[in-house]
Amino acid sequence: MTSPFRVPAPDVEPPIDIRQFIDGAAGFLGGAANVIMQLSNRPVGYGVVESPVRSGNVMVHPIKRLRTTLTYLSVAMLGNEEDQLAYREAVNTSHRQVRSEPGADVKYNAFDPKLQLWVAACLYWGARDLYERMHGPMDEQDADAFYYHSARFGTTLQMRPEMWPANRAAFERYWNENLAETRIDPKIRAYFDDLIDLRMLPKPVQLAFGRTHRFFVTGLLPQHLRDEMGMSWSPRQDRLLDRTMRTLGAAESIAPAPLRAFPFNAYLLDMRLRRRLGLRLV
């Protein structure tokens, strides 16, 4: 029986060991940039900004939001089908409340599989981009295997497997066409600026890390979204980012596998423990 969570990949043998492509540092460095990519799709953006689920609001509960987001990524990429089913239902409980009001200018529904496809595409594009910035290009077989596996970013929720573009070339067409249509209006831009400048955290943290965080976010965005955000980015900054990412990649390459996968491995274990003890997953 075909798994409901995976896209069939008949040309990829043997199956990928996804653990070799998991970089814990990447989850922190690329997180905000990826959120901007996702929310640049206006229905996704308004769904998050207008969400009535206060417990999931990063500006109100930043640590909890970090845990639930990283747990989702951990389950999608590293979890088994039992993990995925359990976390899907937990996330669905919150998503049922996220839908636009009748007559809203921007209509959205967190259960819309087309919006989930866009979110999954952003997560895949960002994960691949970060890996290659840190470690260099994947070979063709690994790149294909990683692509097919990454469909789980969407199929762990309601995105149907057949919605995932058939191959990497088809994905590039989907990505380029949909990225070009993204727009960031003032309401969403203000939310992004708060996120980038870490305004959900105590003032000393903002002052200590806000500028560095903005550097990484700006550098990791596609140029179209930098333009939409009114951000400047120079060749010198690009070279500095490239050197920094390669240095981090070299350091991670010699780290023990559990350390390299942290915190994703820890969040997966936490989710399994919570499920066993009957605690809330989200």
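Remember, predicted model here, so these are calculated numbers, not experimental data. (Residues numbered from 1 in each chain as written. Predicted model: local features only at pLDDT ≥ 70, side-chain atom pairs only at ≥ 80, totals over all residues. Heavy atoms only, no water.)

Draft legend 1. Structural view of the side chain of Arg226. Along the chain, Arg226 falls in helix α12 (residues 223-229). Nearest to the buried, unbridged Arg226 among oppositely charged side chains is Asp238, at 4.7 Å. At a separation of 3.0 Å, a polar atom in the side chain of Arg226 contacts the main-chain carbonyl oxygen of Gly219. Among the polar contacts made by the side chain of Arg226, one reaches the main-chain carbonyl oxygen of Leu221 at a distance of 3.3 Å. Setting aside its immediate chain neighbours within four residues, Arg226 contacts Thr218, Gly219, Leu221, Met231 and Trp233. (Helix = DSSP H or I, 4+ residues; strand = E, 2+ residues; numbered from the N terminus. Buried < 20%, exposed > 50% of the residue type's maximum accessible area, 1.4 Å probe, protein only. Lys, Arg positive; Asp, Glu negative; His and termini not counted. Salt bridge = Lys/Arg side-chain N within 4 Å of Asp/Glu carboxyl O. Polar contact = N/O pair within 3.5 Å; in protein donor to acceptor, adjacent residues only side chain to side chain. Contact = heavy atoms within 4.5 Å.)

Draft legend 2. Seen up close, unusual backbone geometry. Of note, the bond from Phe262 into Pro263 is cis; its omega dihedral lies within 30 degrees of zero at 10 degrees. Along the polypeptide, Pro263 turns up in the loop between α14 (257-261) and α15 (264-277). At Leu198, a residue that is not glycine, the phi angle is positive and equals roughly 60 degrees. By secondary structure assignment, the location of Leu198 is in the loop between α10 (186-196) and α11 (203-220). The exposure class assigned to Leu198 is buried, which follows from its relative accessible area of 10%.

Draft legend 3. Here's a closer look at the packing of helix α5 (residues 81-95) against α15. With their axes 11 Å apart at the nearest point, α5 and α15 run at an angle of 70 degrees to one another. By the criterion of interaxial angle, the relationship of α5 to α15 is roughly perpendicular. Mapping the contact onto sequence places Glu82, Asp83, Ala86 and Tyr87 in α5 and Leu268, Met271, Arg272 and Arg275 in α15. Split into classes, the residues belonging to the contact of α5 with α15 amount to four nonpolar, no polar and four charged. (Axes fitted to C-alpha atoms, helices over the stretch in contact; angles between N-to-C directions. Parallel < 35°, antiparallel > 145°, perpendicular 65-115°, else oblique. Nonpolar A, V, L, I, M, F, W, Y, C, P; charged D, E, K, R; others polar.)

Draft legend 4. Spotlight on the nonpolar core. Residues Trp164 and Trp175 are the most contacted members of the largest nonpolar core, which totals 84 residues. If near-sequence neighbours (up to four positions away) are discounted, Trp175 is found in contact with Met37, Trp118, Ala121, Cys122, Trp125 and Pro222. (Core = buried A, V, L, I, M, F, W, Y, C linked by side-chain atoms within 4.5 Å.)

Draft legend 5. Here's a closer look at the environment of Arg65. Note that Arg65 resides in helix α4 (residues 62-78). On the basis of relative accessible area, Arg65 is assigned to the partly exposed category, the value being 33%. Considering only alpha carbons, one finds Arg65 and Val282, 217 residues apart in sequence, at a separation of 8.8 Å.

Draft legend 6. Examining a nonpolar patch on the surface more closely. Together, Leu273, Leu277 and Leu279 make up a nonpolar patch on the protein surface, roughly 290 Å² of accessible area in all. Mapped onto the fold, Leu277 is located in helix α15. Residue classification places Leu277 among the exposed positions, given a relative accessible area of 57%. (Patch = residues over 30% accessible without salt bridge, like charges linked within 9 Å, V, L, I, M, F, W, Y side chains within 5 Å. Areas by Shrake-Rupley, 256 points an atom, 1.4 Å probe, with all protein chains shown as cover.)

Draft legend 7. Geometry of the pattern of salt bridges. Here the structure, examined in full by the defined rule, presents 18 salt bridges. Here Arg199 and Asp197 are joined by a salt bridge, their closest N and O atoms 3.1 Å apart. Judged by relative accessible area, which is 18%, Asp197 ranks as buried. Beyond isolated ion pairs, a larger network of salt bridges with shared partners links Asp193, Asp194, Asp197, Arg199 and Arg214.

What is shown is where atoms sit, not what they do.
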